[in-house]
Amino acid sequence: MKRAAFAVVAICAITVATPGVAFADSPEPAPLGVCDGGWKTDIYAQSKKHLGQGPIYKDGPGGTMVLTRVKAGSVATKITVGGGVSVSGIVAEAKAEVSRESVKEVSWETQHQYRRDISRNKYGNAQFGSWGHHVKWQKYYQLPNCKKTQISYGEADVANETVGFKYWETSS
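The present account deals with the structure reproduced in this document.

This model, assessed by the stated rule, comprises 2 salt bridges. In this structure, Asp36 and Lys40 form a salt bridge, with 2.8 Å as the shortest nitrogen-oxygen distance. The class of Lys40 is partly exposed, set by a relative accessible area of 23%. The shortest N-O distance in the salt bridge between Lys49 and Asp157 comes to 3.1 Å. Of the two residues, Lys49 is situated in strand 1 (residues 38-52) and Asp157 in strand 10 (residues 148-160); the sequence distance between them amounts to 108 residues. Residue Lys49 is classed as partly exposed on the basis of its relative accessible area, which comes to 33%. On the basis of relative accessibility, which here comes to 12%, the residue Asp157 falls in the buried class.

Position of Gln138 relative to the elements: it lies in strand 9 (residues 123-142). Expressed as a C-alpha distance, the spacing of Gln138 and Thr41, which sit 97 residues apart in the sequence, is 5.7 Å. If near-sequence neighbours (up to four positions away) are discounted, Gln138 is found in contact with Lys40, Thr41, Asp42, Tyr44, Lys148, Gln150, Ser152 and Tyr153.

This part takes up a nonpolar patch on the surface. Taken together, Trp39, Tyr141 and Ile151 make up a surface patch of nonpolar side chains, about 330 Å² in accessible area. Along the polypeptide, Tyr141 turns up in strand 9.

Another aspect to go through is the environment of Lys48. Residue position: Lys48 is located in strand 1. Taking the C-alpha atoms as reference points, Lys48 and Asp157, 109 residues apart in sequence, are found 9.5 Å from one another. Excluding anything up to four places from it in sequence, Lys48 contacts Gly132 and His133.

All right, on to the state of the cysteines then. A complete count under the given rule lists 1 disulfide for this structure. The residue that forms a disulfide with Cys35 is Cys146, at a sulfur-sulfur distance of 1.7 Å. Measuring the twist about the S-S bond at about 105°, one finds the Cys35-Cys146 disulfide to be right-handed. Remark: Cys146 occurs in the loop between strand 9 and strand 10 and Cys35 occurs in the loop between helix 1 (2-15) and strand 1; sequence separation between them is 111 residues.

Below, the discussion takes up the packing of aromatic side chains. With the rule as written, the count across this model stands at 5 aromatic pairs. When the ring of Trp39 is compared with that of Tyr141, the centres are 5.3 Å apart and the planes differ by 75°; the resulting orientation is edge-to-face. Of this pair, Trp39 sits in strand 1 while Tyr141 sits in strand 9, and the two are 102 residues apart along the sequence. When the centroid spacing of 5.3 Å and the interplanar angle of 35° are considered together, the rings of Tyr114 and Phe165 count as tilted. A residue pair is termed long-range when its members are at least 10 positions apart, and Tyr114 in strand 8 (residues 112-118) and Phe165 in strand 11 (residues 163-170) qualify at 51 residues. Looking at Tyr114, the relative accessible area reads 15%, which means it is buried. In this structure Phe165 comes out as buried when scored by relative accessible area, which is 7%.

Criteria and thresholds
Numbering of residues starts from 1 in each chain and follows the order in which that chain's sequence is written. For a predicted model such as this one, the threshold for reporting local features is a pLDDT of at least 70, and the threshold for listing and counting side-chain atom pairs is 80 or more; totals across whole chains, interfaces and linings nevertheless cover every residue. Derived side-chain values reflect all non-hydrogen atoms in the structure, with water molecules and hydrogen atoms excluded from consideration. Take a side-chain nitrogen of Lys or Arg and a carboxyl oxygen of Asp or Glu: if they are within 4 Å of each other, that pair is a salt bridge. The buried label goes to any residue with under 20% of its type's maximum accessible area, the exposed label to any with over 50%, and the partly exposed label to all in between, with areas taken from a 1.4 Å probe on protein chains only. Secondary structure follows DSSP: runs of H or I at least 4 residues long count as helices, runs of E at least 2 residues long count as strands, and numbering of each begins at the N terminus. We call two residues contacting when some pair of their heavy atoms lies within 4.5 Å. Exposure above 30% relative accessible area and the absence of a salt bridge qualify a residue for a patch, where like charges join within 9 Å and nonpolar side chains (Val, Leu, Ile, Met, Phe, Trp, Tyr) within 5 Å. For every accessible area listed, the method is Shrake-Rupley and the probe measures 1.4 Å; residues are considered covered only by the protein chains on display. Disulfides are defined as cysteine sulfur pairs within 2.5 Å. Pairs were defined over the aromatic rings of Phe, Tyr and Trp, the Trp ring being its six-membered one, requiring ring centres within 6.5 Å. Orientation was assigned from the angle between planes: stacked under 30 degrees, edge-to-face over 60, tilted for the rest.

This is the structure we're talking about:
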């Protein structure tokens, strides 16, 4: 008799789910309001990336590198891998999930001076650009039962409103 009561309790504990939770492999449609279905774009990975534009300046070995940027320029967001999404869509998603400063294109016209000491016996390198992000995205159709049918995926370099020089050193 104790076994029968335990079996019923165990079955009930396994099948009870929190209201509003849908399971991807469930044949039942999700409760209303859980998944609205339709086309979705999602950024699922990101890393910071300097999107360089124009020449790479080199100085050294050793000493001090002084750069004055006067020339105007711009960097645009680019889809680097895949298709089926727009730059505007990726920027909107990046703005929501990565950085509020994400933009389709950033341009500059102002003068900017950069000074950096170069390590002994090394060469200093610098390039002006946008401090943006490299993102991985997916575009899929979401069914009302919350299942996804992935249509495409890819990568993009997303420009950011923050601009400046990136500096690195090399042996030659």
